[in-house]
Amino acid sequence: MRMLGFPFLNSLQFLAPLALRLGLGVVFVVHGYSKFTGGPAEGFGGMLTGLGVGAPEFVAWLVTIAELVGGLMLLAGLGTRLVTLPLIATLIGAIILVKADLGVIAPTGAPSPGAELDIALLAGLVALLFMGPGRLSLDHVLGVEAPASERELASTPR
């Protein structure tokens, strides 16, 4: 059966994890950097206090570090699967604490956007968690992760 679509793109599938890592990494670095330069304990911590989060200054620093350092690690493809976990937890917390009342698309005049970006970022992180960093990553260069095609070959019964 012939597949519909663009079969020539099959040879470029190895670029998918790189595209995800770069896109997600940039977003998290920018968000983490903005929290860092704004003073995590003051600005972001103040918002967390208003939401009733326990130990808001500590949580603000954890989120800031997770986003900034995690974003940089995604860009490099270093510890990719491991670094997705705190970022996934951060997004789930943001969706539950901040976005649940706003919905996916916030109504006009809402104080902040809805959960659409958080959901898209979450989906990208889960995809990276499952697929791994790809061959264009430090994880691959250092031998931490083999690309999916090599893992599949290694797990095929002979």
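These remarks concern the structure in this document. (Residues numbered from 1 in each chain as written. Predicted model: local features only at pLDDT ≥ 70, side-chain atom pairs only at ≥ 80, totals over all residues. Heavy atoms only, no water.)

## Regarding the overall build of the chain
Spelled out, the test is: Strands here mean DSSP runs of E at least two residues long; helices mean DSSP runs of H or I at least four residues long; both are numbered from the N terminus. Buried means the residue's accessible area, taken with a 1.4 Å probe over protein chains only, is under 20% of the maximum for its type, while exposed means over 50%, and partly exposed covers the values in between. Should any heavy atoms of two residues lie within 4.5 Å, those residues are considered in contact. Each accessible area is a Shrake-Rupley estimate made with a 1.4 Å probe; only the visible protein chains count as cover when residues are assessed. His is not counted, nor are the chain ends; Lys and Arg add positive charge and Asp and Glu add negative charge. Taken as the charge location is NZ of Lys, CZ of Arg, CG of Asp or CD of Glu.
Helix and strand counts for the chain stand at 7 helices and 0 strands. Start at the N end of the chain and walk to the C end: the helices and strands fall as α-α-α-α-α-α-α. The principal-axis extent of the C-alpha atoms belonging to the chain is close to 60 × 35 × 25 Å. Burial statistics for the chain: of 158 residues in total, 32% are counted as buried. Considering only residue pairs separated by 6 or more positions, the chain has 64% of its internal contacts joining residues 24 or more positions apart. Carbon and sulfur atoms make up 72% of the accessible area of the chain, which amounts to about 9600 Å² in all. Between the mean site of the 8 positive side-chain charges and the mean site of the 10 negative ones, the chain shows a separation of 14 Å.

## Regarding helix α4 (residues 80–99)
An α-helix turns once per 3.6 residues; consequently, residues spaced three or four apart project the same way. Filter applied, for reference: Expected span of a helix: the number of residues minus one, times 1.5 Å.
Along its 20 residues, α4 runs 26 Å from first to last C-alpha, staying within 8% of the 28 Å computed at 1.5 Å per residue. For α4, the full list of buried residues reads T80, V83, T84, L87, I88, T90, L91 and K99. Residues of α4 that are buried make contact with α1 (16–37), α3 (56–76), α5 (116–131) and α6 (138–141).

## Section: the nonpolar core
Using the following cut-off: By nonpolar core is meant a set of buried Ala, Val, Leu, Ile, Met, Phe, Trp, Tyr and Cys residues that side-chain atoms within 4.5 Å join together.
L24, F28, A66, L74, V83, L87, I88, L91, L121, L122, L125 and L128 together form the largest nonpolar core, which totals 12 residues. If you look at the next biggest cluster of nonpolar residues, it comprises 5 residues, including L48, V53, A60 and V63.

## Notes on the packing of α1 against α5
What describes two packed helices is the angle between their axes and the distance between those same axes. Put simply, the rule reads: For helices, the axis comes from a line fit to the C-alpha atoms of the stretch in contact; other axes are also lines fit to C-alpha atoms, and the angle between any two N-to-C directions lies between 0 and 180 degrees. Working rule for angles: under 35 degrees goes down as roughly parallel, over 145 as roughly antiparallel, 65 to 115 as roughly perpendicular, anything else as oblique. Crossing chirality is assigned from the near helix's rotation relative to the far helix, an anticlockwise turn below a right angle marking it left-handed and a clockwise turn marking it right-handed. For this classification, Asp, Glu, Lys and Arg are treated as charged, while Ala, Val, Leu, Ile, Met, Phe, Trp, Tyr, Cys and Pro are nonpolar and the rest, including Gly, are polar.
Where α1 meets α5, the axes come as close as 10 Å, and the angle between the chain directions of the two elements is 135 degrees. Between α1 and α5, the crossing angle belongs to the class labelled oblique. Here the hand of the crossing between α1 and α5 comes out left-handed. On α5, the residues touching P17, L20, R21, L24, V27, F28 and H31 of α1 are L117, L121, G124, L125, A127, L128 and M131. Along the lines of polarity and charge, the residues of the contact of α1 with α5 split into 11 nonpolar, 2 polar and 1 charged.

## With respect to the environment of L51
Tracing the sequence through the fold places L51 in the loop between α2 (39–50) and α3. Judged by relative accessible area, L51 falls into the partly exposed class, the value being 35%. Between the alpha carbons of L51 and L97 there is a distance of 7.1 Å; along the sequence they are 46 residues apart. Setting aside its immediate chain neighbours within four residues, L51 contacts L97 and V98.

## Considerations on the packing of aromatic side chains
Filter applied, for reference: Note on aromatic pairs: the rings of Phe, Tyr and Trp (six-membered ring only in Trp) are paired at centre separations within 6.5 Å, and the planes decide the class, stacked below 30 degrees, edge-to-face beyond 60, tilted for the rest.
This structure, assessed with the given rule, holds 2 aromatic pairs. Summarising the aromatic geometry, the rings of F6 and F8 are spaced 5.9 Å apart at their centres and angled 75 degrees between planes, so their arrangement reads as edge-to-face. Here F6 falls in the exposed class, since its relative accessible area comes to 57%. The interplanar angle of 80 degrees and the centroid separation of 6.1 Å between the aromatic rings of F36 and W61 together place this pair among those described as edge-to-face.

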